[in-house]
Amino acid sequence: LDVQRTEALIHVSQTLKFTFHRAFDWVKKPINTLRQLEALGVDTVLTSGQRKSAHDGIDLLTELHQQAKTIQIMPGGGVGPTNILLFKENGFPAVHLSGSKWVRTLSTSPPIPMNTISSLKEDQISVTDPENIRKIVNAVV
């Protein structure tokens, strides 16, 4: 944890709520880092539980949620209609999600890719899907 830079970011955010983003998923000692972030006054930690998805990281997420004294643990990464209840059942009051889907924008894939990152697609864009959001909300209310 870069305490100095985090402290500086908290300072410039002034009265806004402060969320420590998924950089938390790279820390070596998550419980120790949780304590440091609490001491700094962080409001929320957004994390996938140090796994590829929050579903896969549910064990650490639950442990963090139980250990947290002043910070809200917010699961994020792969949260959607098929697993939203897992987080509700484990007592998480909030999750982070995109609620998106891929929409084809080209009729064929280009012969030479311009993207090298697996989450980018040449012939599609990711857009928020209202139906996906509706399913998630209906699952938890």
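Residues numbered from 1 in each chain as written. Predicted model: local features only at pLDDT ≥ 70, side-chain atom pairs only at ≥ 80, totals over all residues. Heavy atoms only, no water.

*Asks:* Would you mind going over the pattern of salt bridges with me for this structure?
*Replies:* Two side chains bearing opposite charge may form a pair once their charged atoms approach each other closely. Tallied over the entire structure, the rule returns 5 salt bridges. In this structure, Arg 22 engages Asp 25 in a salt bridge whose closest nitrogen and oxygen atoms are separated by 2.7 Å. Taking the relative accessible area as the measure of exposure, Asp 25 reaches 11% and is therefore buried. (Salt bridge = Lys/Arg side-chain N within 4 Å of Asp/Glu carboxyl O. Buried < 20%, exposed > 50% of the residue type's maximum accessible area, 1.4 Å probe, protein only.)

*Asks:* Explanation requested: the nonpolar core in the structure shown.
*Replies:* Note on soluble globular proteins: their nonpolar side chains tend to be buried together. Within the largest apolar cluster, 23 residues are counted, with the highest numbers of intra-cluster contacts made by Phe 24, Leu 37, Val 42, Val 45, Ile 71, Ile 73 and Phe 87. Elements with a contribution of two residues or more to this core: helix H2 (30-40), helix H3 (58-67) and helix H4 (84-89). Tallying contributions element by element places H3 first for this core, with 4 residues. Discounting chain neighbours no more than four positions away, the residues touching Ile 71 are Leu 34, Leu 37, Glu 38, Val 42, Asp 43, Thr 44 and Val 45. (Core = buried A, V, L, I, M, F, W, Y, C linked by side-chain atoms within 4.5 Å. Helix = DSSP H or I, 4+ residues; strand = E, 2+ residues; numbered from the N terminus. Contact = heavy atoms within 4.5 Å.)

*Asks:* Is there a simple way to think about the pairing of strand E3 (residues 72-75) in this case?
*Replies:* Remember that side chains alternate between the two faces of the sheet whenever the strand is regular. Pairing between strand E2 (residues 44-47) and E3: 4 bridges, direction parallel. Residue pairing in the sheet places Leu 46 in a bridge with Met 74 of E3. Read from E2 through H3 to E3, the crossover connection turns out right-handed. (Pairing = 2+ DSSP bridges. Right-handed = clockwise from strand over helix to strand, strands pointing away.)

*Asks:* Which parts of the structure should I look at to understand the packing of helix H1 (residues 3-12) against H2?
*Replies:* Two quantities define a packed helix pair, namely the angle between the helix axes and the distance between the axes. Taken N-terminus to C-terminus, the directions of H1 and H2 make an angle of 35 degrees; their axes are 10 Å apart at the nearest point. Considering only the axes of H1 and H2, their crossing is right-handed. Between H1 and H2, the residues in contact are Val 3, Thr 6, Glu 7 and Ile 10 and Gln 36, Leu 37 and Leu 40, respectively. Tallied by class, the residues present in the contact of H1 with H2 amount to 4 nonpolar, 2 polar and 1 charged. (Axes fitted to C-alpha atoms, helices over the stretch in contact; angles between N-to-C directions. Left-handed = near helix turned anticlockwise from the far one by under 90°. Nonpolar A, V, L, I, M, F, W, Y, C, P; charged D, E, K, R; others polar.)

*Asks:* Can you help me understand the environment of Gly 49 in this one?
*Replies:* Tracing the backbone through its elements, the reader meets Gly 49 in the loop between E2 and H3. Considering only alpha carbons, one finds Gly 49 and Glu 131, 82 residues apart in sequence, at a separation of 27 Å. Apart from the residues within four sequence positions on either side, Gly 49 is in contact with Asp 25, Gly 57, Leu 60 and Leu 61.

*Asks:* Would you mind showing me how to read the packing of aromatic side chains here?
*Replies:* Geometry of an aromatic ring pair is reported as the spacing of the ring centres plus the angle between the planes. Considering all chains together, one arrives at 1 aromatic pair under this definition. Here the aromatic rings of Phe 87 and Phe 92 are separated by 6.4 Å at their centres, their planes lie at 65 degrees, and the arrangement is edge-to-face. Side by side, Phe 87 and Phe 92 carry an identical accessibility label, which is buried. (Phe/Tyr/Trp six-rings, centres within 6.5 Å; stacked < 30°, edge-to-face > 60°.)

*Asks:* How should the sheet that holds E3 be read in this particular structure?
*Replies:* Strands pair in a sheet through their backbones, by hydrogen bonds, and they do so in one of two ways: parallel or antiparallel. Spatially, 3 strands are ordered E1-E2-E3 in an open sheet, and the strand pairing comes out parallel. In the strand order of this sheet, the two ends are held by strand E1 (19-20) and E3, each with one partner. Contacting E2 and E3, H3 runs over the sheet at an angle of about 160 degrees to E3.

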